[in-house]
Each structure stands twice: as C-alpha cells, then as structure tokens.
Amino acid sequence: MTAIQIKEGVYWIGVNDRTTDLFEGLWPITQEGVSYNSYFIDDEKTAIIDLTKSFKGDEYFDQINELTDLSQIDYVVVNHMEPDHSGLLRTLRRIAPHVTLVGSEKTRQMLEDFFSIKENIKVVKEGDTLNLGKRTLKFFSTPFVHWPETIMTYETSHRILFSCDAFGSYGAIGGAIFDDECKNFEFYKKEALRYYSNIVASFSAPVLKAIEKLQDVPVEVIAPSHGLIWRKDPGQIVSLYKKWAEYASGETEPGISLIYGSMYGNTELALNAVAQGISQRGVPVQIFDAARTHVSYILPSIWTQKGVMVGAPTYEVSLFPPVAGVMHMAALKHIRYKKGAYFGSYGWSGGALRNLKKIVEPLKWEWLETLEFVGSPTKEDLHQAEKLGEKLAEAVQKES
Ligand SMILES: Cc1cc2nc3c(=O)[nH]c(=O)nc-3n(C[C@H](O)[C@H](O)[C@H](O)COP(=O)(O)O)c2cc1C
Ligand SMILES: [Fe+2]
Ligand SMILES: [Fe+2]
C-alpha cells in the first residue's frame, strides 16, 4: 500500500499481511489477514513509530522513501519488541545506521538480547517527552500490554495515541483504514474480540491499568499497531477493550459456550438434548465442535459467556484430546469465574471427567452437575442431558 496521511505530517506506513496462515505461529489468520501498522512523523526530526514484521521489506521501505530519505531517519520508537513490530529493525539500521532507537529500559535490554543492539538507544521513562520540532512525543509506560517492555507513544499536537497492541485487531485493512470510512465494522469488532481473547486476555489487569492511566489524556485518534485507526470515535474501541478486560473478573454475558467432541456420535446425541435444555430456558448457546474448530475461534465465546458446557467422551482414560486442548488453552489464559458442567460417553473405565477437572482445577470454576453414560445414551440419559442443559442455563440466568 502507499502511505496514508492521518493528520498533517503524520502518516500510516503499515503493511497488510494476507499470506501468513498463523499469527504468532499459532492463531489462524488465513481468511482474515492482519495489518502491521507503522507510523511516520515528518518534522524537523523524523520518527517512525513501530516497524513491521520482517516481511515485505521493499514495500515497507519504499513507502517511507516516498516521504523522506530513509537513510536519514532520526528516531524509531520501539513501543513493543515483539517481532511483528520489530522484525525489520536490523534491516533499517543497516540502511540508516545513525538512527536512534527509543524505548523503555526493558526495551534496551531486549534490543541487546534479541538483536545484539547496544548503541544509539535512548531510554525513556513514564512521562518523558521527545521534541521533534513542531511536534512532541510523550511516552507512557504500559508494561504487559503486551510484553513487559511495552510503552505507548502520544503525539501532543494532534493528540494521537500510538497504542501498539492495545486496541488492535486481526483483519487486514480492506482499503478503508479509518473507523469512519469502514463499512465492514462488524468484521473488525469480531476480529478485535478474537484478537483480545487470543493475545491480550491474560493481560487484562495491565490493560485496565493502562486505560485508567490514560483516562485524563485527551485523545483524538487512536492508532494501534493492528487493524483500524480510530478517529471518529476512539472511545468505542476503548470501551470494548475495557469491557473485555473486565470480563476477567467474572462480569460476563449471560450465555453458554458449549464445547464438544465425539468420535462415534454417542456424546453428540446427548449434545442435542443438552442444547435443547439450554434453549428452552431462553439462554443463548454457542456450539463448537472442538475437533473441527481452531481454539482461536472458541476462546472469544469462553471469554465472554458465563457458562461453559463441556461434552466429550473418554479417550484412553482421558478427556477426548481436541476438547482437552481447548480446556488447556482456557487454563493457560487464566479464564476464571465460570460456571461449568460436563457430559460425555465412555466405554469401560471412564476418565474424561476426572481429567477435565484436573486441567481446569487452577481456574476454580464452579462445577454444576455432570452426566456420564456408558456407550449410547438411553432415553433416560437423554432426559438427564436435557435437564443438565436447563440447570446450567438457570445458573447462568441467576448470575445476571
Ligand atoms: C481410541 C479410543 C479410545 C478409548 N478409550 C477409552 C478408555 O480409555 N476408557 C473408556 O471408558 N472408554 C474408552 N473409549 C470408549 C469411548 O469412550 C466410547 O466408545 C464412547 O461411547 C465414545 O463416545 P463418542 O461416540 O461420543 O465418541 C475409547 C474409544 C476409542 C475409539
Ligand atoms: Fe504483541
Ligand atoms: Fe502486535
């Protein structure tokens, strides 16, 4: 793409990624893509804020060269060291050897650890400023949004907050980069939640801390490192992130995330009865076949819904592996304060339920009744399955 002016002298110079299948080598973006947003400030001194992944270097550097002499760039602000933003740093230093890198003390250490860079580093602390001529940059320390070194950069004249991963989303830029130009808002909202639940969720407390710290800073534009730039209504993405971060302490939505797997259809027969029971109580249910749905798409549901219904057979005295994988991820992401229930078929020993409880034990979910049955569910089993659905639905309703 070519550079896009955000305000006078401030440009988006990012790169769209539509060919990487897995973000962080883990999260599918084959269909959705992602953007690595980078920004250029043209002043007496020039500055780039965050770079991109080590990818499409020619496209990226050509954009900058159209605006300025790349070899004479004065500063690169390293808000975050993750390689989706720092991947081209070493290449840039070869082109512009005198460039000064700006970041936190932790960034200085990471520059050495990751890239063996020890020189031309300017360490900034909370509230420090950097004058570029007409414009001034101010830095806010926002550790663990997303890594410990992370800072946010604020341009004081146009009141632009370069927030890095915070307020970002998956989804390549489809021509329109500003919120007011975007006609596909629901897509970005959905992808922002998927991004949040996949990448940011574990850091919800630091997100709330950062939002609180910035609440008195007048912000006209939020320019994150992934996804849309928010200039019409920056408060919208801040409210969404705040809401999602608060979900970490249990204030979630009154619905149920139903995650199941089934080898030969026995558990699946009960699934239909369970879903019926939930629906009869008027509670929304989102159903995922864990073997066929990447956990990236299931996490938004677990994160936002109060109830988690798990349906899985026993497999080698354990929980059916695709469902176990989802539960391990929920544990890794510290998804707490859920109301859980379980149903599933077994053949002789059982073991799925025991294994499930062990996986999510650290999360201290409140477990309602569980339903285990041998082989194919009987009429009575199906009746119990329906009741199980009703019970979790009622428990979820009671909370809201
Ligand atoms: C590969 C495999 C491993 C299994 N391991 C166990 C086991 O260790 N203990 C047990 O009680 N049942 C075991 N079973 C039996 C299943 O739990 C049982 O057939 C159940 O009805 C399958 O439910 P489904 O039709 O929903 O897949 C296993 C079945 C398969 C196919
Ligand atoms: Fe990151
Ligand atoms: Fe990122």
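So, the overall build of the protein chain
Regarding its fold elements, the protein chain presents 12 helices and 23 strands. Relative to the compact-globule value of 21 Å for 400 residues, the protein chain shows a C-alpha radius of gyration of 24 Å, a close match.

A closer look at unusual backbone geometry
Even without a glycine there, the phi angle at Glu 24 is positive, about 55 degrees. When you line up the elements, Glu 24 lands in the loop between strand S4 (22-23) and strand S5 (27-28). For Glu 24, a count of 12 C-beta atoms within 10 Å corresponds to the exposed category. Of note, the phi angle at Val 317 is positive, near 60 degrees, even though the residue is not glycine.

Some points on the domain arrangement of the protein chain
We note that the domain assignment places domain 1 (4-248) and domain 2 (256-394) within the protein chain. Its C-alpha centre places domain 1 at a distance of 38 Å from the equivalent point of domain 2. Contributions of two or more residues to the side of domain 1 that touches domain 2 are made by S5 and helix H5 (185-200). The biggest single contributor to the side of domain 1 that touches domain 2 is H5, with four residues.

Observations concerning the packing of H5 against helix H7 (residues 234-246)
Put simply, H5 and H7 touch, their axes get as near as 11 Å, and they point 40 degrees apart. Between H5 and H7, the crossing angle belongs to the class labelled oblique. Note on packing geometry: the crossing formed by H5 with H7 is right-handed. Seen from H5, the contacting residues are Ala 192, Leu 193 and Tyr 196; seen from H7, they are Ile 237, Leu 240, Tyr 241 and Trp 244. Per-class residue counts for the contact of H5 with H7 are seven nonpolar, no polar and no charged.

A few points about the nonpolar core
Membership of the largest hydrophobic core comes to 126 residues, with the highest contact counts inside it found for Tyr 39, Val 76, Ile 259, Val 274 and Val 323. Ranked by residue count, the leading element in this core is H5, at seven residues.

Things to note about helix H11 (residues 352-360)
Of all the residues in H11, the buried ones are Ala 352, Leu 353, Asn 355, Leu 356, Ile 359 and Val 360. Taken around the axis of H11, the buried residues stretch over an arc of 160 degrees, which confines them to a single face. Against the buried residues of H11 lie strand S19 (305-311), strand S20 (314-315), strand S21 (318-319), helix H10 (321-332), strand S22 (339-346) and strand S23 (366-374).

Concerning the sheet that holds strand S2 (residues 10-12)
One open sheet accounts for seven strands, arranged S1-S2-S7-S8-S9-S10-S11; its pairing is mixed. Among the strands making up the open sheet, the edge pair consists of strand S1 (4-7) and strand S11 (121-123). Each adjacent strand pair in this sheet contributes to an overall mean axis angle of 25 degrees, direction not counted. Of the pairings in the sheet, the one linking S1 to S2 comprises three bridges and is antiparallel in character. Note on S2: the bridge partner recorded for Lys 7 is Val 10.

Regarding the site of ligand 1
What surrounds ligand 1 is a group of 20 residues, the closest being Met 263, Asn 266, Thr 267, Pro 313 and Gly 347. Counting only elements with at least two residues in the shell around ligand 1, the list comes to helix H8 (266-280), S20 and S22. Looking at which element gives the most residues to the shell around ligand 1, the answer is H8, with three residues. Classifying every residue of the shell around ligand 1 gives seven nonpolar, 11 polar and two charged.

Observations concerning the environment of Ala 331
Along the chain, Ala 331 falls in helix H10. The spacing of Ala 331 and Cys 164 is 167 residues in sequence and 26 Å in space, taken between C-alpha atoms. Not counting residues within four places of it along the chain, the set of residues in contact with Ala 331 comprises Ile 359, Val 360, Pro 362 and Leu 363.

Remarks on the sheet that holds strand S16 (residues 221-224)
Taken together, the five strands give an open sheet; going across it, the order is S12-S13-S14-S15-S16, and neighbouring strands pair in mixed fashion. Edge positions in the open sheet fall to strand S12 (129-131) and S16, since each of these has one partner strand only. When strand polarity is set aside, the average angle formed by the axes of neighbouring strands in this sheet is 20 degrees. Across three bridges, strand S14 (residues 151-155) lies against strand S15 (residues 160-164) in antiparallel orientation. Looking at S15, one finds that Glu 155 is bridged to Ile 160.

A few points about the packing of H5 against helix H9 (residues 295-304)
Look at H5 against H9: their axes get within 8 Å of each other, and the N-to-C directions meet at 90 degrees. The orientation of H5 with respect to H9, classified from their angle, is roughly perpendicular. Residue-level inspection shows Leu 193, Arg 194, Ser 197 and Asn 198 of H5 in contact with H9, the latter providing Ser 296, Tyr 297, Leu 299, Pro 300 and Trp 303.

Observations regarding H10
Relative to the 16 Å expected for 12 residues at 1.5 Å per residue, H10 spans 16 Å between its end C-alpha atoms, a close match to the ideal helical length. For H10, the elements touching its buried residues are strand S17 (253-260), H9, S19, S21 and H11. One or two positions beyond H10, positive phi appears at His 334, with a value near 55 degrees.

Criteria and cut-off values
Residues numbered from 1 in each chain as written. Chains lettered and ligands numbered in written order. Predicted model: local features only at pLDDT ≥ 70, side-chain atom pairs only at ≥ 80, totals over all residues. Helix = DSSP H or I, 4+ residues; strand = E, 2+ residues; numbered from the N terminus. Rg over C-alpha atoms; globule rule 2.2 N^0.38 Å. Buried ≥ 20, exposed ≤ 12 C-beta atoms within 10 Å, placed from the backbone. Domains from an automatic or database assignment. Axes fitted to C-alpha atoms, helices over the stretch in contact; angles between N-to-C directions. Parallel < 35°, antiparallel > 145°, perpendicular 65-115°, else oblique. Left-handed = near helix turned anticlockwise from the far one by under 90°. Contact = placed C-beta atoms within 7 Å. Nonpolar A, V, L, I, M, F, W, Y, C, P; charged D, E, K, R; others polar. Core = buried A, V, L, I, M, F, W, Y, C linked by C-beta atoms within 7 Å. Arc of directions from axis to C-beta. Pairing = 2+ DSSP bridges. Near = placed C-beta within 6 Å. Expected span 1.5 Å × (residues − 1).

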